[in-house]
Every structure is written in C-alpha cells, then in structure tokens.
Amino acid sequence: MIRLFSYLHLPRRHLAHTGHDSSFQSRSSATRLPLPIILLSLLLALLCSTGLLACGGTASSSNTLLFGAPISLTGSTATEGHLTLEGYQLWVKEVNAHGGIKVGNTTYQVALKYYDDGSSPTRSAQLTQQLITADKVNFLLGPYGTSATLQDEAIAERYKIPMVEANGAAKAIFSRGFHYIFGVLSPASEYAKVMLEAALSLPTPPRTVAIISANDSFSEEVATAARDFALSHGMEVVYYQTYPSGATDLTGVLTALKTSAHGGVPDMLLGSGHESEAVTTMKECKQLNINAKLYAFTVGPATPDFITSLGPDANYVLGSSQWTPQERYQGIDFFGTPANYERIYKQTFGHEPSYQSAESTAAGLAFQYAIQNAGSIDPQKVRDALARLNITTFYGVIRFDATGANTFKPMATIQIQNGQVVTVYPKEVANAQLLYPTPPLSQR
Amino acid sequence: MLVLAVGSLPVRRLPFHREVSAMLIVQVIVNWLLLGSLYAAVALGFSLVWGIMNIVNLAHGAFILVGAYTAYWTFTQLHIDPFLGLPLTMLLLFCLGWVVQYVAINRVIRAPFLVTFLLTFGLDLLIADVVQLLFTSDRRSINTAYSGFGLTLGTLHIPFDRLLAALIAVLLTAALSLFLQRTRTGNAILATGMDRDAARLMGIRIDRIYALTFGLGAALAGAAGAMLVELYPFDPSQGGVFTLRAFVIVVLGGLGTPWGALAGGLVFGLAETVVPLLPGIGPGYDDAIAFALMVLVLIFRPRGILGKAFYA
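Residues numbered from 1 in each chain as written. Chains lettered and ligands numbered in written order. Predicted model: local features only at pLDDT ≥ 70, side-chain atom pairs only at ≥ 80, totals over all residues.

A.B. asks: Is there a simple way to think about the overall build of chain B in this case?
C.D. replies: From N to C terminus, chain B includes 11 helices and 2 strands. On C-alpha atoms alone, chain B measures out to a radius of gyration of 20 Å, which is about the 20 Å that the 2.2 N^0.38 rule sets for 312 residues. Projected onto its principal axes, the C-alpha coordinates of chain B cover approximately 70 × 50 × 40 Å. Relative to its 312 residues, chain B shows a buried fraction of 52%. Looking at chain B alone, contacts between residues at least 24 apart form 78% of all its contacts between residues at least 6 apart. (Helix = DSSP H or I, 4+ residues; strand = E, 2+ residues; numbered from the N terminus. Rg over C-alpha atoms; globule rule 2.2 N^0.38 Å. Buried ≥ 20, exposed ≤ 12 C-beta atoms within 10 Å, placed from the backbone. Contact = placed C-beta atoms within 7 Å.)

A.B. asks: Just checking my understanding: could you explain the sheet that holds strand E6 (residues 181-183) of chain A for this structure?
C.D. replies: Within a sheet, each strand pairs with its neighbour through backbone hydrogen bonds, oriented either parallel or antiparallel. Residues and elements named next belong to chain A. With mixed pairing, 6 strands are arranged side by side in an open sheet as E2-E3-E1-E4-E5-E6. Pairing within the sheet leaves two strands with one partner each, and these edge strands are strand E2 (101-103) and E6. Across the sheet, the axes of successive neighbouring strands diverge by a mean angle of 30 degrees, strand direction being ignored. The pairing of strand E4 (residues 139-141) with strand E5 (residues 163-165) spans 2 bridges and is parallel. Considered in E5, the bridge of Leu141 is made with Val164. The sheet strands contacting helix H5 (residues 78-97) are strand E1 (64-71), E2, strand E3 (106-116) and E4, and the helix crosses E3 at an angle near 165 degrees. (Pairing = 2+ DSSP bridges. Axes fitted to C-alpha atoms, helices over the stretch in contact; angles between N-to-C directions.)

A.B. asks: Would you mind showing me how to read the interface of chain A and chain B here?
C.D. replies: A common measure of how large an interface is: the accessible area buried when the components associate. Across the boundary between the two partners, chain A contributes 47 residues, which contact 52 residues of chain B. Here the residues of the side of chain A that touches chain B are counted per class, giving 15 nonpolar, 24 polar and 8 charged. (Nonpolar A, V, L, I, M, F, W, Y, C, P; charged D, E, K, R; others polar.)

A.B. asks: For this particular structure, what's the right way to read the sheet that holds strand E10 (residues 294-297) of chain A?
C.D. replies: All names here are of chain A. The 7 strands are arranged E8-E7-E9-E10-E11-E14-E15 in an open sheet whose pairing can be described as mixed. The two strands at the open ends of the sheet, each matched to only one other strand, are strand E8 (236-243) and strand E15 (420-425). Strand after strand, the sheet turns through a mean of 25 degrees between neighbouring axes, direction not considered. Taken together, the 7 bridges between strand E7 (residues 208-214) and E8 define a ladder with parallel strand orientation.

A.B. asks: Help me understand the pairing of strand E13 (residues 396-399) of chain A in this model?
C.D. replies: Sheet faces and side chains relate simply in a regular strand, where the side chains alternate between the two faces. Residue and element names in this part refer to chain A. Relative to E13, strand E12 (residues 390-393) is paired through 4 bridges, and the arrangement is antiparallel. Note that in E13 the partner of Asn390 across the bridge is Arg399. Taking the residues that link successive antiparallel strands as the turn, the E12-E13 hairpin has 2 residues.

A.B. asks: What am I meant to see in the domain arrangement of chain A here?
C.D. replies: All names here are of chain A. Along its sequence, chain A is carved into domain 1 (64-186 + 326-399) and domain 2 (189-321 + 412-443). Listed as interface residues are 18 residues of domain 1 and, on the opposing side, 18 residues of domain 2. Residues that form the side of domain 1 that touches domain 2 fall into these classes: 4 nonpolar, 9 polar and 5 charged. (Domains from an automatic or database assignment.)

A.B. asks: Explanation requested: the confidence of the model for chain A in the structure shown.
C.D. replies: Low pLDDT marks regions whose predicted coordinates should not be analysed in detail. Summarising the model, chain A shows a mean pLDDT of 85, and 86% of its residues fall at 70 or more. Low pLDDT, under 50, characterises residues 1-32 of chain A; the stretch is placed with 13 contacts to residues that sit more than four places away or in other chains. (pLDDT = per-residue confidence, 0-100.)

What follows is the structure, given as structure tokens:
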C-alpha cells in the first residue's frame, strides 16, 4: 500500500523523466549520478547511522517507551494480523489515556512501531532485527502466528530483548529453552480439547470423529492432541489426515472423509488449520453434500470474516476461543471485565473484538505490569518481572510457566447461532445452549 | 505453496479400514475431471500470452483476482449471478488487458525477456494493491442459492456449480481453439506468434494483435476468477498462487495449443484429487507430486504433453 501511494503521489515531472518514451541512451545518462551527490549521500548515511543526525524511524524521546512488532497486514493471515494490530493499538491508546506507565518517579508514554511482514515468517524475522537495531525499540510484541513467532523469538533471544507474544500457541515456541519469550495464550493442546469436551457434554454425544489438519507445526500439534483426547474419551477417530497448509481445494480429503465412518459420514468433523481452510472446508462440504452432525474448527469461526463469507452456512459451527466477551473475569487492569473491553473496543474500531484482539491487548498489559513491578525499563529486569508475573486481567490469568507459556488460563468453546458468536462451553461462562445436531447444509 | 516441503513430517497413522468402494473411485474421477477442467481455465490465458507474445505474464494472477472481485462485486451489489455475469467480467478484463498491453507492455516487447518479467511483476503488485485498497484484505466468498445442489446417484454426488464451471472451462478452450484456427483475426494472431517480422510484412498491425492477444488472455483470466470466487473463499493475496499454478500447468501441458492448458490442468488436478486417496500417500504431498510430474514431463517431453513449436 505504501508502495502504491508513493507511486501515485510522485510528482508528474518525475514521471515524465522516468517515462518509457525516453531513449536508451538518455536513460542511461540520466540515471548516472554525479560523484559529489554520491559522496554527499554517503556522508549523510554515515551521519545517520552514527546518530549524529536524527533522521528516519520514530525518534523515541526520553519519556516514551517504544514497542515494536512485525504484523501480517497483507498475505494469507492479513485478517488475523489486522485484529492483532487493533489489539495492540487499543492497549497503547488506553495506557496513554490512563497516564502511561509509572516507573519509579518517571512516567512513560507508550508508542508502537510496526511493520507489515506480508505473512512471511522470514520477512518477520528481518523486521524484528530492524526493529531492534534500527528503530531501537525497548520491547517486542509478537507477530501473528506460530511460524512467524518461531522465527522472531530467536532474534529477540539473541539481542536479549523480551518479547511477549499473543498469537503463537505451539509448544515448539516454548520448548527451545529461550528466556526472552512469553506467550499470553493457552497452549495449542487446549484448542481442540475444549471443543471435544463440549461435544462430549451433550446428552447423545457424537461417537465418530474425523480430524483434518493443515501441516504446519501449530495445526499438527493441535490435531495430534485432539486425536489423543478423542481416543482416550471413547470417541472413534475414523479419519485423520493432514493437507498442505494454505491449500485452496480440499475435495480430495473431504471425498475420502465422506465414507470414512463405516461407509458413512462421521458424526463430527474437526478441522485444525486456519480461517481460509475452515471456510473452504464448509463450502466444499456443502458442494459435496457432506453432512456431519457437528462441525468444529480450531481457528476461523471466532473471526468476523468466517460469518460474512459463509452466510447462513456458518451457523451451528463450533470454534475454540482464547477469550470471549461473555467470560466473567474481574481484572486489575483499566479494562476490568471482558464486557467492558468489548464496549471500549467497539467504540474505538466500530466492530466486535475477536480473541486475537483481546490476547494482543493482554500482551501489552503483561508488559505494562511487568515494567511497573520491575520499577525499571532495563530489558533484563523486565524479563525477570515477566517471569514472576501473576495477574488477573479482563483476558483472564496472565502467568507464565518456566518455559514462558501461559498454562494457567482455560479456553472456551463458541458456536455460531443465527450469524452471532455465542459461548456454549464451559457451562459456567456459557450464554447459550449448544445446538446439536447440525441440519443438512442444503436445507438452510 | 512452497510451504509443503516443510510440513511433510511423517504422521503416525491409525489402522482404520478405509473402504475404497467402486463408488468412491467414480467420485474421485469425477472430482478430478471437474477440478482439472477448472485449472485449464486458470491457465488458458497465461498459455495464450506466453505462446504468442513470449511473455511470462506474472500479472496473470492479478487479472484472475480482478475477475474474482468483479464477479463478487456484481453479485453483491447488482445481484448478478457470477456465471451469468461472466460475459460482463470478461469484457471488463478484456478492456483492462488491452489497455495494459497498449500502454505499457508494447513499449518493452522487444526488450530482453527479463524486462517484461519485471514489468509484469510490477503490474502484479500494483493491481493486487489496488484490489486490496478497494476491497480490503478481508476474505470474501459468494454463496449462491444453488451452491448446495447437484446430481446425486447413490453416494456419487456431482456439485452443480463445479459442473457448470468445468463445462464453461472446456467450452472456453474449444472456443479459443476455433477462434485461432478458423477466423482471420485468429490466424493473424497465430501468424504473429510464429514470426513477428514476417507477419508485419504481410500487413498485420503487430501492436494491435498483441493488445488483442493480451486482452483475450486477461478476459480468460477474468472468467477463471469469476468461477473460482464462486467455489472458494478469496482474498487479495491469492493472485500469486494462481500465477504459479498457471505456470506449472502450461509447462505440463505445453505451449502451442489451447488444448495443452486442458491437458496440463487435468494432470495438475490429478495430484490434488486422486493422490490423497492412495494408501500411504497423504494430501500433504500433492504439490510435491505436481512438481515432480512437471520435472518428469520436462525430462521426457520438454515441450509439454501437447506442446508444439508455435501456437499453430
């Protein structure tokens, strides 16, 4: 987008000079810069890099804490990336509105520096490096997704800058012995478990389940945990298959699945993957006339896109959620309760918050309280304070185990009913009954 | 797409009995033919532009994107069914392709291969960004009233919308082939593809023929986009995926005839529909297999399955 703007806004005379009608000879002479200009620009570059001239980047004044994050604003996880960004932005806005972060006698305002990583983990790692070395950020917030987080945490570790991430749940992130990575979300193993528990709580629970999964590390980890949980709780896993992450067509998998339960359609279809594959699965189930009694997806149903792109076909679908506005936490933070967070979020952005937004805001809160507890902005001291953190916020408990994962917060199961997301499990926080079985897709 | 190699760690399989009945095999073959034909539509315009103009059009996926969003827009705003609105989408894309060729690509047509590569790559970024600016990066999808319907014979199910898309794809291939072979303009296009300078000496306006060819390529891409948006969810990042697929399909099928795109599409579709059903191989390998097939074709039939020297 930035590229596009600069293209459109380039003055006309520039376009005329670089236009295609200039001949080859004149073009080559036009692109050759005179030596003095080259020398001057080299000198300028040198001055910039040594900090003699303040140019480029966000100049962080002495009383501003700069948080950096590479986020996927374009590419395959752009939707989730935007929700992540909004979560961070809301935290920044609110923390500054509430007077900033108090450290000893100094009060710091908070600023966010972010770049679009185009949903590419490699690019995300490069940008993390850039944020640390060029932008000189104080602390790092995480990117969207496990793959990017796996790359970025290594950079954070190398420079010993603490990173609190909110959107990578795979165990792999926390099993590398790194000390500067903290994740506020419940681990991957919980994603499918909470939905299977919801299914098993039904009076006549589904007996056969088919599990399909994208082949990235997070999705596979979720799927394996789901299979183990289903098998140990008396469900029959009649089909278990992985497909390439980002697949656009799943008819092959779904055709095999259609007859996998002793010649029939399994009672429950559990998809572990991403929003795009969840939408594709539902569309193709309809096309192929596959009617399970229950559809459940780990990622997807909780995002607003899922409902808008599927319309009535999104109804009855289960999803797992790190957070829902219906939960009843009494937090010590300025949001206080999930309902209040939802209200402020809607005022700010004009739409409902998703769990991606809430967990991203929570990552900011974790930093906020750790910095206050540490009484310092020294990265090492803040890291130690993060490791000791134990607070309840609007998002739930934020407390990290020895690896940096937040294993102390439960997840919730949501269902889409009449185009609205409602919480159906655990029963204590549910605001609606789980609707079961799903009517055939062709009869909507 | 290239993530696949990473994620192919062996998955522990459960000993479930997979009953591969005769009906299942028929269903898989039907799936394969439907998907393969759709892929032919994806590659048809790409094949034409490459064959005639010797341009690997990296903006092909962007044209598919524009086609998809045009269909999405006409469906949501004007309530025109994507299949019925196909001529409209194609007309719009034809104009877009014509203008792009006449204004931009004609100027570098005699420049080295890399220049057109760079130009179309730039166009791809530009178009995809404009689409994202207009429609945001949110995922879109069309749900027609008939999307769940189809022909059902026992357990065999042929989805109506996929069938229609496949038929249109084959129809477009046949129409393009007839147009090139039977009409004066088509012959002029072929002649230009065979020998640009000789064609000019025969009185053919090369720049217009190129604009027409590129316009046709864009129109066919638009048709593919309009059909894809009906079957799959769509977002502005997906153009590149389809450019890559079109490339593989054209290499598989071969340049020189529109039927090459159909052959390539069917071979490519094989890897996505039939392979997941083979015991011991999961769908995790489908792209690996598609690319392995491409390598094999390049070794044994370097010009592709149906490839010829020219578009003749």
